[in-house]
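Chain by chain, the residues:
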Amino acid sequence: MVNLKNFKNKINQTILQRGYEYFLEGYVVEMESRNEGEYMFQVEGTELYEVLIKINRDLEIFYSDCDCPYDFDDVCKHQVAAYYVLEEGLENKGSVVASAQPSLRNVLNSLGKEELINIIEELASKEEALEESLIFRYLKLDEDPDLETYEKLIQSIVKKFKRREGFIHYREVYLFATELQELLGRVSSTNNALMAIDVAFLIMDEGMRAFQYADDSDGEIGYLVNRTIEVIEETIMERDDLDDKMQHEIFHKLMKQSESELFDGWDDFRIEILALCAEAADEKSQRNELQTKIEQLLVDTDSDNYNRYSNESMLKILLLMINRHGTEEEALAFLQENLNYPSFRKMLIERYQHEKEYEKVIELALDGKKRDKGLPGLEMEWMKALYDAYQQLSLTDKQVPLARELLIRGNYEYYGKLKELIGDQPGFYEELKQELKKKSSHTTFLRLIEEENDMEELMHFVKKNPYYLEQYAPMLLDDYLDEVTQSYQIFIRKVSGDSSNRKQYKEVCKVLKNFKKIAGKDIQRKMIEELKDKYIRRPAFLDELGKLK
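Residues numbered from 1 in each chain as written. Predicted model: local features only at pLDDT ≥ 70, side-chain atom pairs only at ≥ 80, totals over all residues. Heavy atoms only, no water.

Digging into the overall build of the protein chain
- Counting secondary structure elements, the protein chain contains 26 helices and 5 strands.
- Its C-alpha atoms give the protein chain a radius of gyration of 33 Å, more than 25% over the compact-globule value 24 Å for 549 residues.
- Its C-alpha atoms give the protein chain principal-axis dimensions of about 90 × 80 × 35 Å.
- Charge-centre separation for the protein chain: the mean point of 75 positive side chains lies 7 Å from the mean point of 109 negative side chains. (Helix = DSSP H or I, 4+ residues; strand = E, 2+ residues; numbered from the N terminus. Rg over C-alpha atoms; globule rule 2.2 N^0.38 Å. Lys, Arg positive; Asp, Glu negative; His and termini not counted. Charge placed at Lys NZ, Arg CZ, Asp CG, Glu CD.)

Digging into the nonpolar core
- With 134 residues, the main nonpolar core has F176, L254 and L290 as its most contacted residues.
- The next biggest cluster of nonpolar side chains, apart from the first, holds 32 residues, and it includes Y22, M31, Y39 and A81. (Core = buried A, V, L, I, M, F, W, Y, C linked by side-chain atoms within 4.5 Å. Buried < 20%, exposed > 50% of the residue type's maximum accessible area, 1.4 Å probe, protein only.)

Quick notes on unusual backbone geometry
- Even without glycine at this site, L59 takes up a positive phi of about 65°.
- Here L59 shows up in the loop between β4 (48–55) and β5 (60–66).
- Accessibility expressed as a relative area gives 14% for L59, which makes it buried.
- Positive phi is not limited to glycine here, since K356 has a value of about 60°.
- According to the relative accessible area criterion, K356 is exposed, its value standing at 62%.

As for the sheet that holds β5
- The sheet built from 5 strands is open, its strands ordered β1-β5-β4-β3-β2 with antiparallel pairing. A strand with exactly one partner marks an edge of an open sheet, and here the two such strands are β1 (2–3) and β2 (28–33). (Pairing = 2+ DSSP bridges.)

Notes on the confidence of the model for the protein chain
- Mean pLDDT over the protein chain stands at 88; residues scoring 70 or higher make up 91%.
- Long-range and interchain partners of residues 97–103, a stretch whose pLDDT sits below 50, account for 6 contacts in this model, where long-range means more than four residues apart. (pLDDT = per-residue confidence, 0-100. Contact = heavy atoms within 4.5 Å.)

So, helix α15 (residues 342–354)
- Helix length check: α15 (13 residues) gives 18 Å between terminal C-alpha atoms against 18 Å at 1.5 Å per residue, within 8%.
- Among all positions in α15, only P342, S343, F344, R345, L348, I349 and Y352 are buried.
- Two residues or fewer after α15 comes K356, characterised by a positive phi angle close to 60°. (Expected span 1.5 Å × (residues − 1).)

Things to note about the side chain of E544
- One can find E544 in helix α26 (residues 539–546).
- Assessed through its relative accessible area of 6%, E544 is described here as buried.
- Excluding residues that lie within four positions of it along the chain, E544 makes contacts with R502, Y505, K506 and C509.

Quick notes on the pattern of salt bridges
- Summed over the entire model, instances satisfying the criterion amount to 33 salt bridges.
- The salt bridge partner of K506 is E50, with a shortest N-O separation of 3.5 Å. Taken together, the residues K506 in helix α24 (residues 502–519) and E50 in strand β4 connect sequence positions 456 residues apart.
- What makes E50 partly exposed here is its relative accessible area of 23%.
- Put simply, D264 and R270 hold a salt bridge, and the shortest N to O gap is 2.7 Å.
- Look at R270 and you get buried, because its relative accessible area is 10%.
- Connected through salt bridges with shared partners, the residues D65, R502, D543, E544 and K547 form a single ionic network. (Salt bridge = Lys/Arg side-chain N within 4 Å of Asp/Glu carboxyl O.)

Details of the packing of aromatic side chains
- Inspection of every chain in the model, using the stated rule, returns 23 aromatic pairs.
- A centroid spacing of 5.6 Å and a plane angle of 40° characterise the contact between Y488 and F515, whose relative ring orientation is tilted. Within this pair, whereas Y488 is found in helix α23 (residues 469–498), its partner F515 is found in helix α24, the two being separated by 27 residues in sequence. Exposure class is identical for Y488 and F515. Each is buried.
- For the pair Y535 and F541, a centre-to-centre distance of 5.7 Å together with 50° between the ring planes defines the contact as tilted. (Phe/Tyr/Trp six-rings, centres within 6.5 Å; stacked < 30°, edge-to-face > 60°.)

Describing a negative patch on the surface
- Together, E233, E238, D268 and E272 line one region of the surface with negative charge.
- Examined against the element boundaries, E272 turns out to sit in helix α11 (residues 267–280).
- What makes E272 partly exposed here is its relative accessible area of 32%. (Patch = residues over 30% accessible without salt bridge, like charges linked within 9 Å, V, L, I, M, F, W, Y side chains within 5 Å. Areas by Shrake-Rupley, 256 points an atom, 1.4 Å probe, with all protein chains shown as cover.)

Regarding the state of the cysteines
- The full count for this structure, using the stated rule, is 0 disulfides.
- In this model C68 remains outside any disulfide bridge; the closest cysteine sulfur is found in C66, 3.7 Å from its own.
- Among the residues examined, C68 registers a relative accessible area of 3% and is labelled buried.
- The thiol of C509 is unpaired, and the distance to the nearest cysteine sulfur, on C66, comes to 17 Å.
- Given the relative accessible area of 5%, C509 is considered buried. (Disulfide = S-S within 2.5 Å.)

Some thoughts on the packing of helix α19 (residues 413–422) against helix α20 (residues 428–437)
- Contact pair α19 / α20: the axes reach a minimum separation of 12 Å and the direction vectors enclose 145°. In this structure, α19 meets α20 at a crossing whose hand is right-handed. Packed against α19, whose contacting residues are Y415, L418, K419 and I422, the element α20 presents F428, Y429 and L432 at the interface.
- Taken together, the residues of the contact of α19 with α20 sort by class into 6 nonpolar, no polar and 1 charged. (Axes fitted to C-alpha atoms, helices over the stretch in contact; angles between N-to-C directions. Left-handed = near helix turned anticlockwise from the far one by under 90°. Nonpolar A, V, L, I, M, F, W, Y, C, P; charged D, E, K, R; others polar.)

A short note on α23
- Under the 1.5 Å per step criterion, the end-to-end length of α23 is only 17 Å for 30 residues, more than 12% shorter than the ideal 44 Å.
- Largest kink in α23: about 125°, centred on Y480. (Bend = angle between axes of the 7 residues up to and from the residue.)

Laid out in structure tokens, this is it:
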């Protein structure tokens, strides 16, 4: 049994250190004293977790539990953070405190203006980045800062968040990205369009570098870079004061930015910059320059899917320029030249559908199905186009096998079409049902037996797949009450055995509440007692079961 006075010697040192960091950084956001010696904490993590701790008069921790998914040891970092809070209360007041310490906001609200100014000046004197950030954010300037000022501020933000090893920790990436986004917000409101673009490029460049020195697991850096691109696009598209000279300069700034080595390995961002170049390319010479640049970047490959995607994205930029500045014939020829890319084949099919040239649709779709064999999503795209063309041409003999194949592949909307085509053909439903049963995905099979009100088949399915029980129990009760009750008991035993933390135990109890509505209080109570006897060594589970009425 761990004692509050010596818990540091009894816990895995890695978990201890992580819990201590959580304690120091204020991740324990709420503490509630329940009964004597019983404390409930709210601790921030990936989610907000509940930690329950029970202590006796000798300060022994005889019960400790957290509803986080950690199950590699008895104690997690959230529990350790709570231990430190309790220890701090013991050291400060001689006994464990019964409530959380006052909030910073309440303390600051009680201070006068001069005291607050002194606090801010003292903090800023110790942190260069904070001082620069405060001055930049709150000083009322008659004119926008120059580019050098922006660059200096960006570097101060980087310096503020980088640790000694030159890396920004996962928990600080959000704050780092937020400060740069706030700076970007100031840029987007400036009257100087060229300055706005130059500063957006500075922030974009730092964001690209940050992929190497920050943990972007949550995508905050990626969002920052995308936001810089949006600001540049807004500057180009929404400004009415851009003359020809400024448009020309913006185009060349964008072209130069697209050549940055920072985009090596990040083609999506480079392509988005090239797309902005197309927006800014008002002159034919600029469009020719952009076309030449894109053609140089295209990679000759048929097997590399990533490069195919990049090629397709860049070719869409060329098509955009043709649609805006070229002729219908040029656009048609471009689509025909690039049919090996699915999006262009789809565009051409849609064009022929609109023009009611269904024979050409069939030709393109059959070729696409052959070319993209083994790629289910694309195959179905072409099959659907084929079906529509066959329908328009009243080719029923071709519609039936195609509709059946589409249905078997998971496109349930074709069941109704198939029924209309076939009529009351004997054995049609049973044959389809048996074929769909063999598929790994149950979705289409379940929709079929639901529509046909085949409760016998549905009950048989639920017995084999108990995780569907709660979804279908209401439909089955009238005809199969006993079987549903038995299946519920099997299901409850299964999920109880698979559960290992408080969050999962609560889910089991939710199932038990639903079970009571079906089987009645007495049978539910027997089930609860069975679980209490079986899992007597799981105090958190017993605690949750004890809450059921």
